[in-house]
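Structural description and commentary
Now for the letters of each chain:
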Amino acid sequence: MEAQKIAVDAVVALTDCDRDAVIAFIRRLYLAGVRDPKRLTFKGLQALSRA
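Per chain, residue numbering runs from 1 following the sequence as it is written. Owing to the predicted nature of the model, reporting of local features is limited to residues with pLDDT of at least 70; listing and counting of side-chain atom pairs is limited to 80 or more, with chain, interface and lining totals taken over all residues. The side-chain values count all of the structure's non-hydrogen atoms but skip hydrogen atoms and water molecules.

This brings us to the environment of Arg 39. Structurally, the position occupied by Arg 39 is in helix H3 (residues 37–50). The buried label goes to any residue with under 20% of its type's maximum accessible area, the exposed label to any with over 50%, and the partly exposed label to all in between, with areas taken from a 1.4 Å probe on protein chains only. For Arg 39, a relative accessible area of 39% translates into the label partly exposed. Arg 39 sits 10 residues away from Leu 29 along the chain, and the two C-alpha atoms are 9.6 Å apart. The way it works is that DSSP assigns letters per residue, a run of H or I at least four long becomes a helix, a run of E at least two long becomes a strand, and they are numbered from the N terminus.

Attention shifts here to the pattern of salt bridges. Salt bridge, as used here, is a side-chain nitrogen of Lys or Arg placed within 4 Å of a carboxyl oxygen of Asp or Glu. If you walk through the whole model with that rule in mind, you get 2 salt bridges. With its nearest N and O atoms 3.1 Å apart, the salt bridge here joins Asp 9 to Lys 5. With Asp 9 and Lys 5 both in helix H1 (residues 2–15), this residue pair falls 4 residues apart, about one helical turn. Classification of Asp 9 as partly exposed rests on a relative accessible area of 30%. Here Lys 5 falls in the partly exposed class, since its relative accessible area comes to 48%. Ionic pairing is found between Asp 9 and Arg 19, a salt bridge with its closest N-O pair at 2.7 Å. Here Arg 19 lies in helix H2 (residues 19–31) and Asp 9 lies in helix H1, a separation of 10 residues in the sequence. For Arg 19, a relative accessible area of 39% corresponds to the partly exposed category.

A few words now on H2. A helix is expected to reach a length of 1.5 Å times the quantity of its residues less one. Compared with an ideal rise of 1.5 Å per residue, which puts 13 residues at 18 Å, H2 spans 18 Å between its outermost C-alpha atoms and is within 8% of the ideal. Taken as a whole, H2 has its buried residues at Val 22, Ile 26, Leu 29 and Tyr 30. Buried residues of H2 fall within an arc of 100° about the axis and therefore sit on the same side. Residues of H2 that are exposed and point more than 90 degrees away from the buried face comprise Asp 20, Arg 28 and Leu 31. Contact partners of the buried residues in H2: H1 and H3. Each direction from the helix axis to a C-beta atom contributes to the arc, which is the arc of those directions. The contact criterion used is simple: two residues touch if any of their non-hydrogen atoms lie within 4.5 Å.

Here you go:
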């Protein structure tokens, strides 16, 4: 769960996006088995840049 918190904080700080949207996306990745904060952050940034 700490990895999820770190990733959310990083993506929000880097993009200034809606925190709830970031939380929802990263939570889905976390529940799918991704536990590395760097990977969660990278995937989160990729997804938000496409939106």
